[in-house]
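Observations on the three-dimensional arrangement
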Amino acid sequence: MLPEFDNTEIAFQYRSDKELKRARFLFSSMGSPTLTAIGMKMTQFAIAWNLPIKSLIRHTLFDQFCGGETMEEAAQTAAVIGKYGIGTILDYGVEGKESEQDFDNAVPEFIKAIQFAAKSKNIPFISIKITGFAHFALLEKIHNGTTLNADETEAWKRVYGRIGQICHVAANNNIMVLVDAEESWIQKPVDDLTNAMMQQHNKAKVVVYNTYQLYRHDRLVFLKESFEYANTNGFLLGAKLVRGAYMEKERARAAEKGYPSPIQPGKQATDNDYDEAALFCLQHLDKLALFVGTHNEASCLKVAEYMQGHGIPANTERVYFSQLYGMSDNISFNLAHEGYHVAKYLPYGPVKDVLPYLMRRAQENTSVAGQTGRELSLINKEIKRRKTM
């Protein structure tokens, strides 16, 4: 059956009354751009001055959007949603590290996550960002085709080694790896590295997925080129489709440096390319796996309708739906209720280190038209339904 995204009883079955009221407060606050901006500035100031606000963040934004400060805490959260058929993507949310030592130290953390996930039936994925293992400036040089010096060449080899080690352990433990997209001006080395990992590991099944940001006007073509490359070179493509995460930054940089913006001219063009990309993947499921990463109800419904109309089982291993933890539960839980594979992105890590992620979630809910309003209306509907019981 097709999911009913308005069913709030299913959507919030894992949330207590107290948690629903907290979510209502948070999304109400994020509905105001001014209030959000002030809150973010105050939080950044308090963290910089070591003011005692960790508990406040922990019990509001952090608990809404993150799984815990440790892997063990994240696993407890994963177990809760796992009871309702929701899988988990472990996402070690620590950002902003910049030394070779930091990059090296991140590898065992991800290997630990893979080994931990392998012992749990409801954690099929981990997520990685190449910028967590490589200097941004190095990626930018490679993207621009700049000749690397000897030290930079060795540094790039170490990046390959780090990612190769993680993917090797993931393949041996039957855990899938989602490689996040990055800014357009460092994306080429990310694509090249991910292709190399897919070529090595995506033989009998898809282990490694690359991410395609369809708010870029060139990514639909690149997805099809990636498919042809995989087909020619004898491996399965892992295609994670998202709309995108750096729109304001991309447009600002393009305007500043005087080159055409890589971003679509409008939301409709993004939606059109996203749905066409999903359709292309569904038509080639014999040679790829599709990861539908979106909070857009219409796109999710189109994928589900195509699957039902073409006899593709809801529980096929070749199609996963995904939303961020703490958002769009009406999509995630209703899809899972109808037997589709769903996995929530579940960031974890120390509160201070995960703060950049939390700031982006607050900004996203403020800037994405209708997102906060939709979340609020569904939460209010469920609170009202429970009161009448």
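Preceding this paragraph is the structure being described.
Described in the following lines is the structure provided in the data block. Here the structure is a predicted model, which is why all the values come from computation and not from measurement. (Residues numbered from 1 in each chain as written. Predicted model: local features only at pLDDT ≥ 70, side-chain atom pairs only at ≥ 80, totals over all residues. Heavy atoms only, no water.)

This paragraph deals with the side chain of Thr211. Here Thr211 lies in strand E4 (residues 208–213). Of note is the side chain of Thr211, whose polar atom sits 2.6 Å from the backbone oxygen of Val179. When residues no more than four places from it in sequence are discounted, the contact partners of Thr211 are Val179, Asp180, Ala181, Lys240 and Val242. (Helix = DSSP H or I, 4+ residues; strand = E, 2+ residues; numbered from the N terminus. Polar contact = N/O pair within 3.5 Å; in protein donor to acceptor, adjacent residues only side chain to side chain. Contact = heavy atoms within 4.5 Å.)

This paragraph deals with the sheet that holds strand E1 (residues 86–92). Strand order in the closed barrel made by the 8 strands is E1-E2-E3-E4-E5-E6-E7-E8, with parallel pairing throughout. Adjacent strand axes in the sheet meet at a mean angle of 30°, parallel and antiparallel pairs treated alike. Inspection of the sheet shows E1 paired to strand E2 (residues 125–128) by 2 bridges, in the parallel sense. From the neighbouring strand, Ile89 faces E2, where its bridge partner is Phe125. Contacts between helix H5 (residues 71–82) and the sheet are confined to E1 and strand E8 (342–348), with E1 contributing the most and set at about 160° to the helix. (Pairing = 2+ DSSP bridges. Axes fitted to C-alpha atoms, helices over the stretch in contact; angles between N-to-C directions.)

A separate point is the nonpolar core. If you look at the biggest cluster of nonpolar residues, it comprises 83 residues, and the most contacted ones within it are Ile126, Ile130, Leu241 and Phe321. A total of 8 residues in this core trace back to one element, the largest contributor, which is helix H8 (residues 150–172). Contact partners of Phe321, with chain neighbours within four places excluded, come to Val292, Cys300, Val303, Ala304, Met307, Leu335, Tyr340, His341, Val342 and Ala343. (Core = buried A, V, L, I, M, F, W, Y, C linked by side-chain atoms within 4.5 Å. Buried < 20%, exposed > 50% of the residue type's maximum accessible area, 1.4 Å probe, protein only.)

Using the criterion set out here, one finds 27 salt bridges in the structure. When the shortest N-O distance is used, the salt bridge between Arg386 and Asp17 registers 2.8 Å. A residue pair is termed long-range when its members are at least 10 positions apart, and Arg386 in helix H16 (residues 371–388) and Asp17 in helix H2 (residues 17–30) qualify at 369 residues. Residue Arg58 is joined to Glu69 by a salt bridge in which the shortest nitrogen-to-oxygen separation is 3.2 Å. With a gap of 11 residues between them, Arg58 in helix H4 (residues 54–65) and Glu69 in the loop between H4 and H5 connect regions that are remote in the sequence. By sharing partners, the salt bridges in this structure join Glu9, Asp17, Glu382, Arg385 and Arg386 into a single network. (Salt bridge = Lys/Arg side-chain N within 4 Å of Asp/Glu carboxyl O.)

A positive phi angle, close to 60°, is found at Asn174, a residue other than glycine. By the element assignment, Asn174 lies in the loop between H8 and strand E3 (176–179). Owing to a relative accessible area of 51%, Asn174 belongs among the exposed residues under this scheme. Non-glycine residue Ser328 carries a positive phi angle of around 50°.

Further remarks concern H16. The terminal C-alpha atoms of H16, which comprises 18 residues, lie 26 Å apart, in line with the 26 Å expected from a rise of 1.5 Å per residue. For H16, the complete set of buried residues consists of Gln371, Thr372, Glu375, Leu376, Leu378, Ile379, Glu382, Ile383 and Arg386. Considered in projection along H16, the buried side chains sweep an arc of 165° and stay on one side of the axis. Counted as exposed and oriented over 90 degrees from the buried face of H16: Lys384, Lys387 and Thr388. (Expected span 1.5 Å × (residues − 1). Arc of directions from axis to C-beta.)

Compared with an ideal rise of 1.5 Å per residue, which puts 23 residues at 33 Å, H8 spans 33 Å between its outermost C-alpha atoms and is within 8% of the ideal. Taken as a whole, H8 has its buried residues at Glu152, Ala155, Trp156, Val159, Arg162, Ile163, Gly164, Ile166, Cys167, Val169 and Ala170. Where H8 is buried, its residues touch helix H6 (100–118), E2, helix H7 (136–143), E3, helix H9 (187–201) and E4. At the N-terminal boundary of H8, the capping side chain belongs to Asn149, with an oxygen 3.1 Å from the backbone nitrogen of Asp151. Immediately downstream of H8, the backbone of Asn174 shows phi near 60°, a positive value.

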